[in-house]
Structure formats: structure tokens, C-alpha cells
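Secondary and tertiary structure notes
Each chain, written out:
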Amino acid sequence: MPSASFSSTRSYTRRTRRKGSNRLPIPSRTSNSGGVVEAGVTCEPLVAASGSYATPGGASTSTSSFQHVPPYDLRGRKSPLHLHDASTAGFNATAPVHPTATRPTSPTASATASVLQSAATPPLSQPARKRLRRNTSCTITSSDNSNSAAHYLQCELPDEVMLTIFSYLYEQDLCRIAQVCKRFQAIANDNNLWKRLYQSVFEYDTPLFHTENSRFDFIPFEESEHHNPWKESFRQLKKRCLHVRPHYNGTAKDPIRRMPHFETIQAGLDHADEHLNGGAKIFLHPGTYRGEFLVIDSDITLIGAAPGVVADAVILERETESTVMFVEGAKSAYLGHVTLKFTPNVTSTVPHHKHFCLEVGENCSPTIDHCIIRSSSVVGAAVCVSGAGANPRIHHCDVSDCENVGIYVTDHAQGTFEDNEICRNALAGVWVKNHANPVMRRNHIHHGRDVGIFTFDNGLGFFEANDIHNNRIAGFEVKAGANPSVVQCEIHHGQTGGIYVHENGLGQFIDNRIHSNNFAGVWITSNSNPTIRRNDIYNGHQGGVYIFGEGRGLIEHNNIYGNALAGIQIRTNSDPIVRHNKIHHGQHGGIYVHEKGAGLVEENEVYANTLAGVWITTGSTPVLRRNRIHSGKQVGVYFYDNGHGKLEDNDIFNHLYSGVQIRTGSNPIIKGNKIWGGQNGGVLVYNGGLGVLEQNEIFDNAMAGVWIKTDSNPTLKRNKIYDGRDGGICIFNGGKGNLEENEIFRNAQAGVLISTQSHPTLRRNRIFDGLAAGVEITNNATATLDSNQIFNNRFGGLCLASGVQPIVRCNKIFSNQDAVEKAVANGQCLYKISSYTSFPMHDFYRCQTCNTTDRNAICVNCIKTCHAGHDVEFIRHDRFFCDCGAGTLNNQCQLQGEPTQDTDTLYDSAAPIESHTLMVN
């Protein structure tokens, strides 16, 4: 400030007030740009036109109408002798600002601070007054004048003037001035003052906080817990710091702040090692640093310093060897907010296959934070972490658009990789091999031209909450003894599959979401044995889990649904354990086992699939135990083309077709199951099917409990077949079978119906309480009936059609109701006891006079009454209902009431619906 006596200033102020002005003009001049010119130096004022300043609490104080207020109590204020110590106790006075900042020269700033501090200090003793006169440029003639000056500075000088004056000060002077009085403290802590000061040194748009060792966080002004975030950030960053600026032409050190400046990063590193003994912070200012081979072997901090997106403005680039290398000794080193580039000349003959953009070697653990990493090398990797003890923390980095692997971790290295963007790389986004064991969390790995993450050659790793999608090959590949743990990741929209485990791969895949991949969600092959647990695997364009080529694995507690092919497919000698899964709403089948597939499939819920719940075919031998297989749109369990295996203790119910179908040489063991609610039937064995059905409960099916037809020959032992809405067991079209010790009861049609050239053997069965006949044999069929008990059936015990001659020995047929004979004896139409849903066996006739056909049948009582005197013909003794009583003939039946709606006579139960066979590999 210009030299002036405070007495003249006061008189000038009084003259101004007499004219009515409430503003205090200061004797200064302004530049053309509106800046204040002091001592020949131009500086932009830091105060707004309104003349308000922000207090530390965020409030503003207006000076638009100045009022006299009593001075603050200064009795507790320390003397000037101790003031410097108090001002620097919480803030190091040597905090540097680069010398090219738009600031006044240091002598002027120091003189300004001295004037303000000295004039504001009351004369406590004669020596203090002498020091005051010596240290100021003002002429103070007495203690009264000094007190008046102090009162004027502390109470009367307008805030905007004070802010303008304070804007000339360095940080150390502001801290001293803040110790003078409460008003000075409030103004000296103005956020705009400190923001301008802070940005002149560090250039950041947002305060950067050094919250803990190797951690720096940008915290927006409005979210900070500090009253003055700029000042607090300055305090944290200034300690042990130096600056690097490309093309820097100044002196090596700020003469006031003693702040080192350098043109190259290596010069800064050398200075830190020599003079700061490690732990220094090197701020890299905007520019491109080319050709420096940086080997970091100490706990140094390298951090970009620029406005806007910092890493975009600070670029480290190299064409040979590695751009940055961390080696032993860099235990707590930090590299952040820069761009690293490795751009080898493709025409150069210098080898670079072992060099990388960023390399972390043995026994070091640096932190790499908010860096952009690019490599145009077609070999190697952008980031390489290698060797025992290598344990970096790499987070919030962007490793993208590289012409090779993104991140490569190998040779027993570890490391923590969090919140990184890894995308569009030519090879894998991440490679992990040779016992490396990194931790990778919350990374975004996508749109790679190869696999997303590749672990191989005994690689390990813990992968949590990563988003892996749209990679050209699998999202996650495991090979050759690798054993990663993959938890809570989302693996989706892969151009091939989701997870691919092969060549003795292992791994634990837990709580992941695997969906919308072009091929299977999970592939397991070639003796691999991973654990796939508690995942959601859905909406795949092919299958859910595909196990082939002698694959194994534990597949449990997964939710597998909505896939285009089978939820789980097992083939070619694979032998997994599949348990506690939900497999449902597939556009194909639930579980498909083929080409000699095996496996233990237990306690799963398989339901609402478009095709079969479980398919077993072509020599496969799985074991299905304690599963709930239900509500399918076709068959529950389907054995065909030599499908084998064991079906034990399952609940199979409510399918649109049969609960179980067996055909074409298939020979499963079906034991202890409950099979009910099928809209077609319980079990259908046809086209040469075999199988052993033992100790099953088969009930409440819409058609026969068990169908045996077309040269099939199963064995049924100790089953309970009951409450069927049709017959118990229906054998026809050349069917065979051994039926032993079964209990067949309470079925709507015949307990056992044998028809059309069939020849089963029935031994020691109990057939009772049926709503029709116990055993009916018709249509040139025969049978061997040995030691059976047939009793309490409505239409009769054993009913044989014309020409049927079974082998019958040692059977007990008793206490049957013989409702047909009773109806005939009572002169009733047999339709009265059967309607058109049952087929009682008796004599039936045809009426020539009424022109009936072979498809019509008339009971004996209707012949005698309704067709008396007509030309009639006896056809045979067989199963039928009476068409005369049903009202299907021209003449109304005289023994029956109103005619009922009906069709032609049915001589057999309705034919079962066979499942489609859709071969899918």
C-alpha cells in the first residue's frame, strides 16, 4: 500500500462522511481492467461488486450500510512477538505457490501483512510501540494515533477494501492476519480468497483432500465438512510437495515459499530422493511428458494437477520399454490422475514384448488411481503385475482401446483392482495366470474383442461385483487348473457364452447374474469341476448350463429360467452334481441328458418348461432323486433312444402329457416316485420301451396310470396305482410287461385293460374297488394271470371278450358287484350304468333294420325292447356302451330318458399323446 498516515486517512474519512457517503474510499488508483494497482503491481480483486464476504460457516456479511461497532476484545490477543508462532502452528508458513502465479511480489505482500498486523495491535508497552513504528511505513506519532489506526482497521475499513488488501497476501500471511481479531479471521478465511490462492498453485477446479495414506479424493465444495474446503485442501497438499511443469524456464525454487519446480519428472524424483528422504508429493502440471523411463523405487506420490479432467491434461508417453515401472521399495507409492501411453513404433526393430505401459514388479505395493492407460503394442499388456510380493491397488482407472491384453497378473502376484473401466481391448480384458491371486471388485469389463476375464495355468483371484458384458468370446474363461472365485458379478450379452470352464478348470461362481448370452450361460467341459452356486442364469439365446466332454461340476441353488434351449444340458460322459436348483419357464426342456451323459440330479424343482422337464437319451445314465418335476407343457421325464438311469423318490405331477415316458430301448429304474395329475397319463411305455417301475405311487391322472403299448416290455413291481380318472394299467398294440405285487384300486375304468395282441403277465397283484371291471381282456389279446386277487370291482372281476383265452391259475376273484349282469337281469339299458365314459363288457348287437354299422353297439335289453321285431345280428361279447341308450341312433331308446350328447362307440381308452423328440446338441 502507498505510504500514508492514518491521521490523514481519518480526516479524509470524516470529510467524506460529512457529504453523506457511507463508503470509505481508499487512496488508490485502478488499472483500465478494473484491478487495483499497488506499488506498481496489478492484481485482480477477489471481492464481488456487492461487497460481501463469506464467513467460515457459509454466511455472508454485507458492507452496503456501514455502522460503527465496538472493537473486538483484544485483551486475550498475543503480542506480536508470539503472533508468528500462533499463526503457523496449524499451517506451515512455507507452503509454496509457483512463482508464475499472478500475485504481487513478496516484499509488498509481506509489508502489507506487517502494516495490517502492526497497526491493528494496541501499544501494550513502550518497546512494542517502537517495534510498531519500525516495522510499518505509516507515521504514528502517539499511542492515541496508534489506537485510532487499530480501531479504524478493525472496525471501520469496509470489507471489500479488506478483501482487496488480503488478496495480495500469500497463504502464510493470511494465516497470520487471521490471528489479529475475529473480523480479520472471518475475512481471511473467505472461500474465494483461498480458492484463487489454491488454484494458482494446484490448478484443481474442486478441492482435493489427502484423506489418508495413498488416498486422494476430490470432494465438491458443497459436500465438504470443512468451513473452508480450499484452505483445508491447501493445508493437506502443501507439505513436502514439489511441482513439475513441461518447458518450465523459471528458477528451481520459489524464493518466498521455497517451493521446488522442475521441467522433468525424473529431476523431481531425484530431488525428492536427495532432499526430502521419501514421502514427497510431486504435482505434474498440464503437458505431455515424453521419453522419460520412470522407475519408482520409493514411497513417492506422483499426481496430475490441472483444471477440468486432470488425467486428460497430464500425459506420460513412451515408445520403448515400460512407461512407468514400480519396483521393490515402492511400498506406499502413489500415481494418480495422469494418462499413461505406450506407443511403440511398429516399424522399429527394438523388441518390446516384455515391456508394458504400466509395470509393477516384485515386493512393491503402489496405488494407481484415476489413470487413463493406453497401449498400442500388439504384444504384451497395458498393465502387468508380476512376481511374489507385487500387490498394487489399482482403482478408478480406464484401461481401454489397447491392442493387446488390458491387465495381466502373473507369477504369484496379487493386487486389488477396483472400479476400473476395462473395455474394447484386442485381447482379454484381464489375464490371471501362474498362481497369481488378485482381488477385482466393481470393474466394468465390456466390448472386448476377446474374452472378458481369462484365468489359466493355475491362476486364482477373487472377482466380486464386476459388470462383464458384450465381449466377443466368453465373459469369463477358466482353463488349465485355474481356480478363481467369482461372486456377485453380472455376466451378460456375451457374443458367445457367459462362463467357459475347460481343461481341468475349477472355480467358484456364486451369486452371479448370468443372462442374455448368445450361447450357453455356463460351459463346463474336459474334466473341469467348478462350483456353480446361487446364480441367476436366464434368458440365454441357447441353454443355461452346458456340461459336455467329460465335464463335472457342482451345480446347486441356482435359478435357471427363460433360456432358449435346455436349462441344464449334460452330454458325452459328463458327470456333474445338480442339486437344489430351480429350472423353469424354459423355451425348451428343463434338463437334457444325452450321448452317454450321467450325473446326480437331486432335490431340484423343474417346472413350467415348454418341452419335457427332463430328457434322457442315447445311452445316458443319470440318477434323478427327490426332485419336484411339475407343470410342464409336455412330459415330466422322457426316456428315449436307449436312455437309462434311475428315477427315485421324485414328485412328478401336473404335466400336459404323461408324467413319465419310456420308449425305443430305454430301460430306466423308476422307484419310489409319486406321479400324479398328468393330463395324458401317469407313465407311458411304448415303441419297444423297457424299464423297472417299483414302489411308485401313480394316482389322479386324467388317463391311464400306466400305458404299455407297441412291443414294450417293462416290469412293474409293488406300485400303487389308484384314483385314476381312466384305467389303472392299459396294455395294447402288442404290449407286454411283467406286473407283480401291485395294488391297483379305485380307478374310473378297468383296473387292468389288455387289448390288441398284447400279452402281459400278472402275478400276485391286488385289483380292487374299481368303478368298472377288475381285469378286461379284449381284441385278440391274451395274458397270464397267476395268483392275483380281484375283488369289489363294480362291473365284475375278470371280463373276457369273445375269442380271448388267457392263462389263468390260482387267482382269487371274489365279492365283485357284477353291475352289468344285474342291469341285464333287471331289463335296464346298459347305458344307464355306464354313460359314454365307461365300457362294460357284455353281448352287443347290430340292427340291420336300423342300418347300424360296426361302429355301433346295442345292448341285449334294447334289442329286446327298442328293436323288437327288427332284423338284428349278434356281434361279440366285448367292451362297449349302448348307442341306443346314448341316443345316437335314429330311434329313441325306450329304456332310457332323454338322449345325451355322444359320439361313436369307443372300444379302448383314448390313445396317449407322445412327446416330440427334438434332437439338440
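The structure presented is a predicted model; accordingly, all values stated were derived computationally and were not measured.

Moving on, we come to the packing of helix 9 (residues 191-201) against helix 10 (residues 229-237). Between helix 9 and helix 10, whose axes approach to 8 Å, the crossing angle comes to 35°. Crossing handedness for the pair helix 9 and helix 10: left-handed. Between helix 9 and helix 10, the residues in contact are Asn191, Trp194, Lys195, Leu197, Tyr198, Gln199 and Val201 and Pro229, Trp230, Lys231, Ser233, Phe234 and Leu237, respectively. Partitioned by chemical class, the residues of the contact of helix 9 with helix 10 number eight nonpolar, three polar and two charged.

This part is about helix 11 (residues 265-276). With 12 residues, helix 11 should cover 16 Å at 1.5 Å per step; its first-to-last C-alpha distance of 15 Å lies within 8% of that length. Here helix 11 has its buried residues at Ile265, Gly268, Leu269, His271, Ala272 and Leu276. Around the axis of helix 11, the buried residues are gathered within 165° of arc, so they sit on the same side. Positioned one or two residues after helix 11, Asn277 has a phi angle of 55°, which is positive.

Our focus in this paragraph is the confidence of the model for the chain. Looking at the chain as a whole, the pLDDT averages 83, with 79% of positions reaching at least 70. Contacts from residues 1-111, a stretch scored under 50 in pLDDT, to residues over four places away or in other chains number 203 contacts. This stretch, residues 118-142, has a pLDDT under 50; its non-local contacts, to residues over four places away or in other chains, come to 46 contacts.

Of the two faces of strand 36 (residues 499-502), both are covered, the one formed by Ile499 and Val501 as well as the one formed by Tyr500 and His502. Strand direction decides the pairing type here: strand 33 (residues 476-479) and strand 36, joined by four bridges, are parallel. Looking at strand 36, one finds that Glu477 is bridged to Tyr500.

Time to look at a negative patch on the surface. A cluster of acidic residues, Asp270, Asp273, Glu274 and Asp297, forms a negative patch on the protein surface. With respect to the helices and strands, the residue Asp273 is situated in helix 11. Assessed through its relative accessible area of 40%, Asp273 is described here as partly exposed.

Turning to the packing of aromatic side chains, a few remarks are in order. Counting across every chain of the model gives 34 aromatic pairs. Relative to Phe234, the ring of Phe202 lies with its centre 5.5 Å away and its plane at 80°, an arrangement referred to as edge-to-face. Taken together, the residues Phe202 in the loop between helix 9 and strand 6 (208-212) and Phe234 in helix 10 connect sequence positions 32 residues apart. Each member of the pair, Phe202 as well as Phe234, is classed as buried. Pairwise contacts between aromatic rings join Trp194, Tyr198, Phe202, Tyr204, Phe218, Trp230, Phe234 and Phe283 into one cluster.

Turning our attention to the pairing of strand 63 (residues 706-709). Here strand 63 shows two buried faces, one formed by Val706 and Ile708 and the other by Trp707 and Lys709. One ladder, built from three bridges, connects strand 60 (residues 683-686) with strand 63; its direction is parallel. Among the inter-strand pairings, Val683 is bridged to a residue of strand 63, identified as Val706. The pairing of strand 63 with strand 66 (residues 729-732) spans four bridges and is classified as parallel. Bridge pairing links Trp707 to Cys730 in strand 66.

Position of Asn443 among the secondary structure elements: in the loop between strand 28 (439-441) and strand 29 (444-446). Exposure remark for Asn443: the relative accessible area of 1% places this residue in the buried category. Separated by 3.5 Å, the side chain of Asn443 and the backbone nitrogen of Asp419 make a polar contact. Those residues within four positions of Asn443 in sequence are excluded, and the remaining contacts are Phe417, Glu418, Asp419, Asn420, Ala465, Asn466 and Asp467.

To continue, consider helix 6 (residues 159-166). Counting buried residues in helix 6 gives eight out of eight residues, a clear majority hidden from the surface. Turning to helix 6, its buried residues number three or more, namely Asp159, Glu160, Val161, Met162, Leu163, Thr164, Ile165 and Phe166.

Right, let's talk about unusual backbone geometry for a bit. Phi at Glu550 takes a positive value of approximately 65°, unusual for a residue other than glycine. Its relative accessible area of 39% is what places Glu550 among the partly exposed residues. For Asn792, which is not a glycine, the phi torsion comes out positive at approximately 55°. Structurally, the position occupied by Asn792 is in the loop between strand 74 (789-791) and strand 75 (796-800). With a relative accessible area of 29%, Asn792 lands in the partly exposed category.

With that settled, consider the environment of Tyr607. Tracing the backbone through its elements, the reader meets Tyr607 in strand 50 (residues 605-607). Discounting residues that sit within four places of it in the chain, Tyr607 has contacts with Lys582, Ile583, His584, His585 and His630.

A separate point is the environment of Ile807. For Ile807, the location among the structural elements is in strand 76 (residues 807-809). Considered as a pair, Ile807 and Thr782 are 25 residues apart in the sequence and their alpha carbons are 7.7 Å apart. Every residue in contact with Ile807, bar those within four places of it in the chain, is listed here: Ala783, Thr784 and Leu785.

Quick notes on the rules
- Residues numbered from 1 in each chain as written.
- Predicted model: local features only at pLDDT ≥ 70, side-chain atom pairs only at ≥ 80, totals over all residues.
- Heavy atoms only, no water.
- Axes fitted to C-alpha atoms, helices over the stretch in contact; angles between N-to-C directions.
- Helix = DSSP H or I, 4+ residues; strand = E, 2+ residues; numbered from the N terminus.
- Left-handed = near helix turned anticlockwise from the far one by under 90°.
- Contact = heavy atoms within 4.5 Å.
- Nonpolar A, V, L, I, M, F, W, Y, C, P; charged D, E, K, R; others polar.
- Expected span 1.5 Å × (residues − 1).
- Buried < 20%, exposed > 50% of the residue type's maximum accessible area, 1.4 Å probe, protein only.
- Arc of directions from axis to C-beta.
- pLDDT = per-residue confidence, 0-100.
- Pairing = 2+ DSSP bridges.
- Patch = residues over 30% accessible without salt bridge, like charges linked within 9 Å, V, L, I, M, F, W, Y side chains within 5 Å.
- Areas by Shrake-Rupley, 256 points an atom, 1.4 Å probe, with all protein chains shown as cover.
- Salt bridge = Lys/Arg side-chain N within 4 Å of Asp/Glu carboxyl O.
- Lys, Arg positive; Asp, Glu negative; His and termini not counted.
- Charge placed at Lys NZ, Arg CZ, Asp CG, Glu CD.
- Phe/Tyr/Trp six-rings, centres within 6.5 Å; stacked < 30°, edge-to-face > 60°.
- Polar contact = N/O pair within 3.5 Å; in protein donor to acceptor, adjacent residues only side chain to side chain.

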